[in-house]
Amino acid sequence: MAEPWPTEIRLKKDRHMLAVSFEGGETFELPAEYLRVFSPSAEVQGHSPSERKLVSGKADVMVIEVEPIGNYAVRLHFDDLHNSGIFTWSYLYRLGQDFGSLWAGYLEELAENGLSRR
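Residues numbered from 1 in each chain as written. Predicted model: local features only at pLDDT ≥ 70, side-chain atom pairs only at ≥ 80, totals over all residues. Heavy atoms only, no water.

Draft legend 1. Quick peek at the pairing of strand β2 (residues 17-22). For β2, the buried fraction is high: five of the six residues fall into the buried class. Relative to β2, strand β1 (residues 6-11) is paired through five bridges, and the arrangement is antiparallel. By the bridge assignment for β2, P6 is matched with F22. Two successive antiparallel strands, β1 and β2, enclose a turn made up of five residues, where R15 displays a positive phi of approximately 65°. As paired strands, β2 and strand β3 (residues 27-31) are joined by five bridges and run antiparallel to one another. Counterpart to S21 in the pairing with β3 is T27. Adjacent in sequence and paired antiparallel, β2 and β3 are bridged by four residues, among which G25 carries a positive phi angle near 100°. (Buried < 20%, exposed > 50% of the residue type's maximum accessible area, 1.4 Å probe, protein only. Helix = DSSP H or I, 4+ residues; strand = E, 2+ residues; numbered from the N terminus. Pairing = 2+ DSSP bridges.)

This is the structure:
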């Protein structure tokens, strides 16, 4: 299967949603909070699955800049000053495809740890 290739990446005016469309016709609207808590950065993901950090309190986070990285990714700059995650096209595609299960798992993990989106 070919790597997913974006045809459009658009930050909504309120900066709380990133719309990403791909060559296959798929379009995903990804909330800034979702992108922030699933940032591919080592700060969030660690260097192994056991080092992954549960990020809470990001319900109101905004994307303030979408920076192209070569022709393979974007760096998202968030208003909480996090900007170390490089979102490749395949990672953005996966986040779109798996939104339901990833988001449900995140909410469950917050609850299990007594944490809040606020």
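Next comes the rest of the account.
Draft legend 2. Seen up close, the nonpolar core. One finds L35, F38, L76, F87, L92 and L95 to be the most contacted residues of the largest nonpolar core, which totals 27 residues. Those elements that place two or more of their residues in this core are β2, β3, α1 (32-37), β5 (73-78), α3 (89-97) and α4 (99-112). For this core, the leading source of residues is α3, giving five residues. Excluding residues that lie within four positions of it along the chain, L95 makes contacts with L30, Y34, L35, F38, F87 and L102. (Core = buried A, V, L, I, M, F, W, Y, C linked by side-chain atoms within 4.5 Å. Contact = heavy atoms within 4.5 Å.)

Draft legend 3. Here's a closer look at the pairing of strand β4 (residues 63-69). Relative to β5, β4 runs antiparallel, the two being bridged by six bridges. Looking at the pairing, E67 lines up with R75 of β5. Count of turn residues in the β4/β5 antiparallel hairpin: three residues, of which G70 carries a positive phi of about 55°.

Draft legend 4. Quick look at the side chain of H82. Structurally, the position occupied by H82 is in the loop between β5 and β6 (86-88). At 2.9 Å, the side chain of H82 forms a polar contact with the side chain of S39. (Polar contact = N/O pair within 3.5 Å; in protein donor to acceptor, adjacent residues only side chain to side chain.)

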